[in-house]
Amino acid sequence: MNLEAKEWLDGARALGQLKEIKGADWDLEIGALTTLFSKREDCPGLLFSEIKGYPPGYRLTTANCSNPVTTCLTFGLPPVQTTPELMTVMAQKLGVWQEQAKNIKPRLVKTGPVMENVHSGRDIDLFEFPAPRWNELDGGRYIGTGDAIITRDPDEGWINMGTYRVSIHEKSLLGIHISPGKHGRIHYEKLHAAGKPCPIAVSIGHHPLVYRISCLELPPGIEAGLISAIAGQPLEMIEEEVTGLPIPAQSEAVLVGWLPPGELHEEGPFGEWTGYYASKARPAPVIKVERIYHRNNPIMVGSCNSMPPHEDSYYHSVIRSVVVYNQMVQAGIPDLKGVWMSNVGGRLLITVSIKQRYAGHAKQAALIACQSSVGAYMGRYVVVVDEDIDPTNTQEVLWAMCTRSDPEKDIDILRRCWSTPLDPMIRKPATAPMNSRAIIDACKPFEWIDEFPQEIKIDPALIHRVRKKWPGI
């Protein structure tokens, strides 16, 4: 699998999954177009070219994993047409890839395409790149939304690749926001506590796989290995001379510099994945950029948030659901039929489908789901349903909730759970963001499951017969 951004674009175009949009303005129009396309279930990959005020070769992509076909393309999988098919394949593959990642190290190289242009000192101008103002109330232009930010743990030396929001303040000054508990933040907090600046590299253009792995919650230091395992070859990286950090040789553009202790600049607000501006403008750390590397005619990767579903929500629902599913299996939950982290509710709603085997099975499944590594962060509701309910089908889930649960008996609350300042229900400022979780058992009562009223069904053979007789139903 070739980790070139242009290869992905060519592949999407060949599959009929790329929409090129010419002449959009970086100021709001790119964000508005991405949002409007992302409301479609068949949203294709988007390529913005001839961006207002920029050379034709400076382009930006969004929506690179917004349906099953483009997600398969990004991960090098044979194309499938439906979400359940995609989740089945991903559940099988992800665990294998993660095991392989433990034994794969990046391949260090002396140079690569990202070195075609090198800017230092007075030549640095972050406005060289068409960084959008995505939404109307954003506090500036955000160059890092589909990024891969590289930091090193100062104690153990492992490398993290994470996705965090980055804005442009000045020609050589960036703002950055990283939520508490995230690896990148832990790294700079360790260094700042010792009075030292944190070296940092920000890749703002790359193959979509680099972004999609960087934005996942993963074990420490596994990102580069996981990208390599999926690609089937080691990720090529260059030891960058200013910071000493490894940067992807095939990136389109990388910004490097230092995150100094005690230096803050007003940052935000920013439209978040919840569909809200979760906080007002506030002081946040800065990155002093010392060097820019980029290809000729770089292709940036961006992500625009809005009221869900948005262009990022489909991918996150698929991959996080698969991670939670696999972790529940590893925890010993039997007869797990499906997991879906809603692409509308995002992290805030997890639905789990099981075939009940014993009293308390549903409660056990709910607790494991909501406190798994992915489910624990900023959750809100966990709904457990029987195996006849498709967890990805909101109508079926709501029907089960309304007909198979009794609020008095079937809702439990967990308190003081891990949340984030991005949670719109946490009043700001918040020094220790926590929230509660509701667990809803929407399964038929186990103790009298055989007596539960029979649901109305249509025999599959009858469905086949009538669809054959009346095509298009």
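The structure displayed is predicted, hence computed values, not measured ones.

Student: When you look at the packing of aromatic side chains in this model, what are you seeing that I'm missing?
Tutor: Applying the stated criterion to the full structure yields six aromatic pairs. Relative to F270, the ring of Y142 has its centre 4.4 Å away and its plane inclined at 45°; by these criteria the two rings are tilted. Here F270 lies in the loop between β15 (264–267) and β16 (282–294) and Y142 lies in strand β6 (residues 142–144), a separation of 128 residues in the sequence. You'll find Y142 and F270 in the same group, each marked buried. Every member of this aromatic cluster is reached through a ring pair, and the members are F75, W97 and Y315. Note that R141 overlies the ring of W26, its terminal NZ or CZ placed 3.5 Å from the centroid.

Student: Can you walk me through the packing of helix α4 (residues 83–101) against helix α7 (residues 223–231) in this structure?
Tutor: Angle between the axes and distance between the axes: these two values describe a pair of packed helices. For the pair α4 and α7, the least separation of the axes is 8 Å and the interaxial angle reads 120°. The orientation of α4 with respect to α7, classified from their angle, is oblique. Read as a crossing pair, α4 and α7 show a hand that is right-handed. Of α7, the residues touching α4 (which contributes W97, Q98, Q100 and A101) are G225, L226, A229 and I230. Considering only residue class, the contact of α4 with α7 consists of five nonpolar, three polar and no charged.

Student: What should I look at first to understand empty space enclosed by the protein in this one?
Tutor: To find leftover empty space, one rolls a probe the size of a water molecule over the atoms. What the rule picks out here adds up to three cavities of 30 Å³ or more. In this structure, the largest cavity spans a volume of roughly 50 Å³. Looking at the largest cavity, the residues that line it are L3, H206, H207, V210, L235, P248, Q250 and S251. For the lining of the largest cavity, the residue count by class is four nonpolar, four polar and no charged.

Student: So what exactly am I meant to see when it comes to the pairing of strand β20 (residues 381–386) here?
Tutor: Regular strands show a simple pattern: their side chains alternate between the two faces of the sheet. Burial analysis of β20 places five of its six residues in the buried class, the great majority of the element. Relative to β20, strand β19 (residues 349–354) runs parallel, the two sharing six bridges. Looking at β20, one finds that T351 is bridged to V383. As for the winding sense of the linkage, the β-α-β connection from β19 through helix α9 (residues 361–370) to β20 is right-handed. Judged from the four bridges that link them, β20 and strand β22 (residues 434–441) form a sheet pairing that is parallel. Pairing of V384 across the sheet is with D441, part of β22.

Student: Even after reading the chapter, I still don't get the nonpolar core, so can you show me in this structure?
Tutor: Where a protein is soluble and globular, its nonpolar side chains tend to be buried together. Counting 68 residues, the largest nonpolar core has F75, W97, I213, M328 and V352 as its most contacted members. For this core, the leading source of residues is helix α8 (residues 313–330), giving eight residues. Those residues within four positions of M328 in sequence are excluded, and the remaining contacts are I333, L336, V339, V352, A365, I368 and A369. By size, the runner-up hydrophobic cluster in this structure holds 41 residues, among which are Y58, W134, I178 and I287.

Student: Explanation requested: the sheet that holds β19 in the structure shown.
Tutor: The sheet built from five strands is open, its strands ordered β18-β19-β20-β22-β21 with mixed pairing. Pairing within the sheet leaves two strands with one partner each, and these edge strands are β18 (336–341) and β21 (411–418). Each adjacent strand pair in this sheet contributes to an overall mean axis angle of 20°, direction not counted. One ladder, built from five bridges, connects β18 with β19; its direction is antiparallel. Each residue of the ladder has a partner; that of L336, found in β19, is I354. Where helix α10 (residues 394–404) meets the sheet, its contacts fall on β19, β20 and β22, and the angle it forms with β20 comes to roughly 85°.

Student: Is there a simple way to explain the packing of α4 against α8 in this structure?
Tutor: The N-to-C vectors of α4 and α8 enclose an angle of 50°; their axes lie 9 Å apart at closest approach. With respect to α8, the element α4 is oriented oblique. For α4 against α8, the interelement crossing comes out right-handed. Only Y314, V318, I319, S321, V322, V323, Y325 and N326 of α8 make contact with α4, whose side of the interface consists of T83, L86, M87, M90, A91, L94 and G95. Its residues placed into classes, the contact of α4 with α8 shows eleven nonpolar, four polar and no charged.

Student: Sorry if this is basic, but what is going on with the pairing of strand β9 (residues 165–170) here?
Tutor: Among the six residues that make up β9, five are buried, leaving the element largely enclosed by the rest of the structure. Here β6 runs beside β9; their pairing, made up of two bridges, is antiparallel. Residue pairing for β9: G144 is matched across the bridge by V166. Both β9 and strand β10 (residues 173–177) contribute to a ladder of five bridges, which runs antiparallel. The residue bridging V166 from the neighbouring strand is I176, located in β10. Counting the residues that bridge the hairpin from β9 to β10 gives two residues.

Basis of the calculations
Residues numbered from 1 in each chain as written. Predicted model: local features only at pLDDT ≥ 70, side-chain atom pairs only at ≥ 80, totals over all residues. Heavy atoms only, no water. Phe/Tyr/Trp six-rings, centres within 6.5 Å; stacked < 30°, edge-to-face > 60°. Helix = DSSP H or I, 4+ residues; strand = E, 2+ residues; numbered from the N terminus. Buried < 20%, exposed > 50% of the residue type's maximum accessible area, 1.4 Å probe, protein only. Lys NZ or Arg CZ within 6 Å of the ring centre and 35° of its normal. Axes fitted to C-alpha atoms, helices over the stretch in contact; angles between N-to-C directions. Parallel < 35°, antiparallel > 145°, perpendicular 65-115°, else oblique. Left-handed = near helix turned anticlockwise from the far one by under 90°. Contact = heavy atoms within 4.5 Å. Nonpolar A, V, L, I, M, F, W, Y, C, P; charged D, E, K, R; others polar. 1 Å grid on protein atoms, 1.4 Å probe; cavity = no way out; pocket = protein on both sides within 12 Å on 5 of 7 lines; lining within 4 Å. Points joined across faces, edges and corners; volume = space filled by probe spheres on them. Pairing = 2+ DSSP bridges. Right-handed = clockwise from strand over helix to strand, strands pointing away. Core = buried A, V, L, I, M, F, W, Y, C linked by side-chain atoms within 4.5 Å.

All we've got here are geometric facts, nothing functional implied.
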